[in-house]
Amino acid sequence: MTTASTATETSATSGPETADVVVVGAGFSGLYALYRLRKLNLKVVCFEAGDGVGGTWYWNRYPGARVDIESMQYSYSFDDDLQQEWRWPEYFSPQADLEGYANHVADRFGLREQIRFNARVNRLRWDEQAGRWHVSTERGDHVVARYIVAASGALDATNIPDFPGLDSFRGEWHHTSQWPKEKVSFAGKRVGLIGTGSTGLQATTEIGKTAGHLYVFQRTPAYSLPANNRPLPADYEREWKEHYADRRAEMSRNFALGYLPVQQYGSVFDYSPEERTRILEQAWAQRNGLLFLRTFTDTMMSLEANEVVAEFIRGKIREIVKDPEVAELLCPKTYPVGTKRICMDTGYFETFNRPNVTLVDVRSNPITEITPTGLRTTAGEYDLDLLILATGFDAVTGSLTRMNVTGVGGTDLREKWAERPTNFLGFMVAGFPNLFMIHGPGSPGVLAQMITGGEWQVDWAADVIQDLDRNGYASIDTTDAAEQGWAAEMAEMAAKTLYQHANSWYVGANIPGKPRYFMIYIGGFDQYKRRCGEQVSKGYEGFVLTKDKRRTA
Ligand code: NA7
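Calculation criteria
- Residues numbered from 1 in each chain as written.
- Predicted model: local features only at pLDDT ≥ 70, side-chain atom pairs only at ≥ 80, totals over all residues.
- Heavy atoms only, no water.
- Phe/Tyr/Trp six-rings, centres within 6.5 Å; stacked < 30°, edge-to-face > 60°.
- Helix = DSSP H or I, 4+ residues; strand = E, 2+ residues; numbered from the N terminus.
- Lys NZ or Arg CZ within 6 Å of the ring centre and 35° of its normal.
- Pairing = 2+ DSSP bridges.
- Axes fitted to C-alpha atoms, helices over the stretch in contact; angles between N-to-C directions.
- Buried < 20%, exposed > 50% of the residue type's maximum accessible area, 1.4 Å probe, protein only.

### Here we look at the packing of aromatic side chains
Okay, so step 1: Counted according to the given criterion, the structure contains 49 aromatic pairs.
Okay, so step 2: The interplanar angle of 80 degrees and the centroid separation of 5.3 Å between the aromatic rings of W240 and Y259 together place this pair among those described as edge-to-face. In this pair, W240 sits in helix α6 (residues 234-242) while Y259 sits in the loop between α7 (244-253) and α8 (273-286), placing the two residues 19 residues apart along the sequence.
Okay, so step 3: With a centroid separation of 4.4 Å and an interplanar angle of 75 degrees, the aromatic rings of F427 and W460 are classed as edge-to-face. Here W460 lies in helix α14 (residues 450-470) and F427 lies in the loop between α13 (413-416) and β19 (435-437), a separation of 33 residues in the sequence.
Okay, so step 4: Aromatic rings pair up to connect Y147, F424, F427, F436, W456, W460, W486, Y521, F525, Y528, Y540 and F543 into one cluster.
Okay, so step 5: If you follow R247 out to its NZ or CZ, it ends over the ring of W240, 4.9 Å from the centre.

Structure representation (structure tokens):
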């Protein structure tokens, strides 16, 4: 630990409102932060851009939106009464159920009164002299706080590609992550949908059922697995609830914070081609989505092993889709399975057998412009009444960089991250004291179960704040050296996996100009927790703690 005694507090806080902590975002992590920090008797203010709670599950209300982790797991663990009482109707919850759950939690624990809704944070400025953060919002709030918990979301910053002419489109258009609350009707309409990631697949499957005609503009096909979603059987729910404590404990030790009670079969190459096919057939029919990728131990470690599983999935696509040319276009061939977030579907490939659905290959014939009446590619023109952008997010870093964050010396976070988004322990950026990131770069974030991961990171931030307060420190920062060390540790682990082989949002490849950098800590949440704990037990090694002069004088 390094200490310095530089920051002193001025008494000039009579202007703006003051708080101990500002939480940015009332999604699942933000809500838990309010609950947790309240126990420390701190004054906490939360700013939320939307008019309701739920974060990702508030914004992404497009048709078909559904989580890809079982709801018995993808839910809060902090309160046993809550997890015993709450009932999930399906294995994988649709957006409405998740938003309903977030609202229930906000009400049950009285969290709403601390949240300022319709208040998007557009400026976070560190005042070095006072050792305080100034937080401003688009609607004019100004709060001065000691700490920031940035629970602003890993998949929050909408990516609207720079399509020429988009503004000229005379029909209705929506990005899936800014979907209107009012029902959008597709009946009798010519609908265009750009993007075939998880969102595009879910939306296509649902919209294809009612659209007059749906054109799906695909640049890169996705691997998708059957969700095998169904109503949650009462005995399954009962069993989970009887064993919740043990299951949560097991999840907390798991690399992805999941409860994964499935057999792993060893290496793909331990089995004959016939045996492999039999095993994969069984997994395809029985395993819920993501667990399919865990059938063999080396799927995500070896290109050859991965290709066996990838080819099995392509075989399924060719079986399902009746038109062989369309089937071939839908087969992903340019990246290993699992290196972009794997999708889960309930009838996506079958949708292309419908007469009212057309797949358009915009890899061979790119989109050139949006016109007042539709969309033009290098090969032709499509008349549209409604256009949907399922074009994803400036993931992991976007929600942070879009807030105009400036730290010590006025350094802009965007400048700091111009080459790569480094930080220490996925928690703090050097030169941005007292700013704790939840699910930011450098953390396991999106590669672990995010509600439980968020709870853990919030707990850690709360523990650190408590520790600093108890011991008379005013601020905590980290160093460039610690960041470089963490980046090297992350890179070493990532190099052993196949993730570098895909142009995914994990590496920032979906955003023009974004540095290519694998942003996620891939060592697993179990190891991540151990590493965070080690740094604290070594006296906050890698951090810089600054004494509170008022308390030590
Ligand atoms: P994704 O996974 O980033 O998918 C975005 C899709 O949009 C993807 O198919 C992109 O093709 C496509 N896209 C983006 N820009 C363009 C342009 N300019 N032209 C054509 N197509 C484009 O976002 P999602 O919302 O589906 O999913 C995000 C995460 O949410 C998901 O991984 C889950 O974790 C939940 P590309 O692949 O870049 O060629």
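Next, the rest of the story.
### Quick look at the sheet that holds strand β16 (residues 381-383)
Okay, so step 1: Pairing is antiparallel across the open sheet formed by three strands, whose spatial order is β14-β15-β16. The two strands at the open ends of the sheet, each matched to only one other strand, are β14 (367-371) and β16. Within this sheet the neighbouring strands show an average axis-to-axis angle of 15 degrees, counted without direction.
Okay, so step 2: The sheet contact formed by strand β15 (residues 374-377) and β16 spans three bridges and is antiparallel. Following the sheet pairing, G374 is matched in β16 by D383.

### Thoughts on the pairing of strand β7 (residues 142-150)
Taken residue by residue, a regular strand's side chains alternate between the two faces of the sheet.
Okay, so step 1: Among the nine residues of β7, eight are classified as buried, and the element is accordingly described as predominantly covered.
Okay, so step 2: As paired elements, strand β2 (residues 17-24) and β7 share seven bridges and run parallel to each other. Residue pairing in the sheet places E17 in a bridge with V143 of β7.
Okay, so step 3: The turn joining strand β6 (residues 132-137) and β7, which pair antiparallel and follow one another in sequence, is formed by four residues; a positive phi near 105 degrees is taken by G140.
Okay, so step 4: In this structure, β7 lies alongside β19, joined through three bridges in parallel fashion. Directly across from V149, in β19, lies its bridge partner F436.

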